[in-house]
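Remarks on the overall topology
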Amino acid sequence: MADARKITLIGTGLMGVPMARNLMAAGHQMTVWNRTRARADRLVADGAIWATTPADAIAGTEVIITMLSDGFATADLIADPSVRDALQAGMIWLDMSSAKPEHARAQCADLATLGVAHLDAPVSGGTKGAEGASLAIMAGGSAETFELAKPVFEAMGRPVHVGPSGAGQLSKLANQTIVAVTIGAVAEAMLLVEQGGADPAAVRAALKGGFADSVILQQHGERMTTGNFDPGGLSKFQLKDLENTLAEANALGLSLPSTQAVRDRFEHFIEEMDGADRDHSGLYLELKKRNGMTT
């Protein structure tokens, strides 16, 4: 394939839009499709091609990127007869959604029967990482396919090949476990210093560069203490990822108590506090409610 590739991106949500923009900035030809067209209009205004159906979007492309809600949504797309008819041997399908490792392995095997290569390549970094082309990209699948896709990935962030099919999704589950548990710890720390009379911003500055420092402390710690819970990473997706983590752990005969505890807190935040579409740093609000404070 040439350096400038024909790329189709399906799923122009919070992450898909900036990812597509960075691919276009790198010189790739971009075709997009989304269930709700309005969410793709910004990309069309920037020069992307709008396709009226997923099959039309895929026809004649070289690389397909899916950024959908979960593995079920991607599987439904692959199973669509019109999509299957549009697929051609030699295409590469990059599923950058967050899903179960078993879904990735099943998709890879299914697409292989059509001569289509597949990588499961979920990302971390949220909307800021997507906008800044600095996403952490965890790719599972064949090393040969990874090398072919690497220039595409590099327009969006930092790709690493982490193992065979399904390993990308497993890595994302590990990432989301660390993220969720750290959000819980940062929320407790921010509430502690705020209620104790310290300046949370000054505390974050004091901890910068130390062992306790992290992107979550600096970015989400600020969100928590300034009350900015506009979504970057949706809480409902965080819960989905934690449930996938626990399902995978159960299959391996493992108990993950911290993951289970923070999963239960996210469920409470979503079901009892209408937090599904708020940023996952909103777990801070669940903590305040737990302590009898106004949220």
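Below, the structure is looked at part by part. Keep in mind that this is a model prediction, so the values were computed, not measured.

1. So, the overall build of the chain
Check the secondary structure of the chain and you find 14 helices and 9 strands. Relative to the 2.2 N^0.38 estimate, which gives 19 Å for 295 residues, the radius of gyration of the chain is 20 Å and therefore close to what a compact globule would have. Structurally, the chain occupies a C-alpha span of about 60 × 45 × 35 Å along its principal axes. In the chain, 63% of the contacts between residues at least 6 apart in sequence involve partners at least 24 apart. Carbon and sulfur atoms form 53% of the exposed surface of the chain, whose accessible area is close to 13200 Å². Mean positive and mean negative side-chain charge positions of the chain (25 and 34 charges, respectively) differ by 3 Å.

2. Regarding helix H10 (residues 200-207)
Residues of H10 that are buried include every one of Pro200, Val203 and Arg204, and no others. Buried positions in H10, seen along its axis, are confined to an arc of 100° and lie on one side of it. Facing away from the buried surface of H10 by more than 90 degrees, the exposed residues are Ala205 and Ala206. Of the surrounding secondary structure, the elements contacted by the buried residues of H10 are helix H9 (167-196) and helix H11 (215-226). For H10, the side-chain oxygen to backbone nitrogen distance between the N-cap and Ala201 is 3.0 Å, and the N-cap itself is Asp199. Positive phi shows up at Gly209, right after H10, with a value of about 90°.

3. Considering the pattern of salt bridges
Considering all chains together, one arrives at 12 salt bridges under this definition. Between Asp110 and Arg84 there is a salt bridge, with the nearest N and O atoms lying 2.9 Å from each other. Taken together, the residues span a long stretch of sequence, with Asp110 in helix H6 (residues 101-112) and Arg84 in helix H5 (residues 81-86) at a distance of 26 residues. Judged by relative accessible area, Asp110 falls into the partly exposed class, the value being 28%.

4. Overview of the environment of Val262
Here Val262 lies in helix H13 (residues 257-273). For the pair Val262 and Leu239, spaced 23 residues apart in sequence, the C-alpha separation works out to 9.0 Å. Contact partners of Val262, with chain neighbours within four places excluded, come to Ala180, Val181, Leu242 and Leu283.

5. Notes on the nonpolar core
The tendency in soluble globular proteins is for nonpolar side chains to be buried as a group. By size, the foremost hydrophobic cluster in this structure holds 49 residues, and its most contacted members are Ile65, Trp93, Leu94, Met96 and Phe153. Apart from residues lying up to four places away in sequence, Met96 is in contact with Met19, Ile65, Thr66, Met67, Ala121, Pro122, Val123, Ile137, Phe153 and Met156.

Reading the values: the criteria
- Residues numbered from 1 in each chain as written.
- Predicted model: local features only at pLDDT ≥ 70, side-chain atom pairs only at ≥ 80, totals over all residues.
- Heavy atoms only, no water.
- Helix = DSSP H or I, 4+ residues; strand = E, 2+ residues; numbered from the N terminus.
- Rg over C-alpha atoms; globule rule 2.2 N^0.38 Å.
- Contact = heavy atoms within 4.5 Å.
- Areas by Shrake-Rupley, 256 points an atom, 1.4 Å probe, with all protein chains shown as cover.
- Lys, Arg positive; Asp, Glu negative; His and termini not counted.
- Charge placed at Lys NZ, Arg CZ, Asp CG, Glu CD.
- Buried < 20%, exposed > 50% of the residue type's maximum accessible area, 1.4 Å probe, protein only.
- Arc of directions from axis to C-beta.
- Polar contact = N/O pair within 3.5 Å; in protein donor to acceptor, adjacent residues only side chain to side chain.
- Salt bridge = Lys/Arg side-chain N within 4 Å of Asp/Glu carboxyl O.
- Core = buried A, V, L, I, M, F, W, Y, C linked by side-chain atoms within 4.5 Å.

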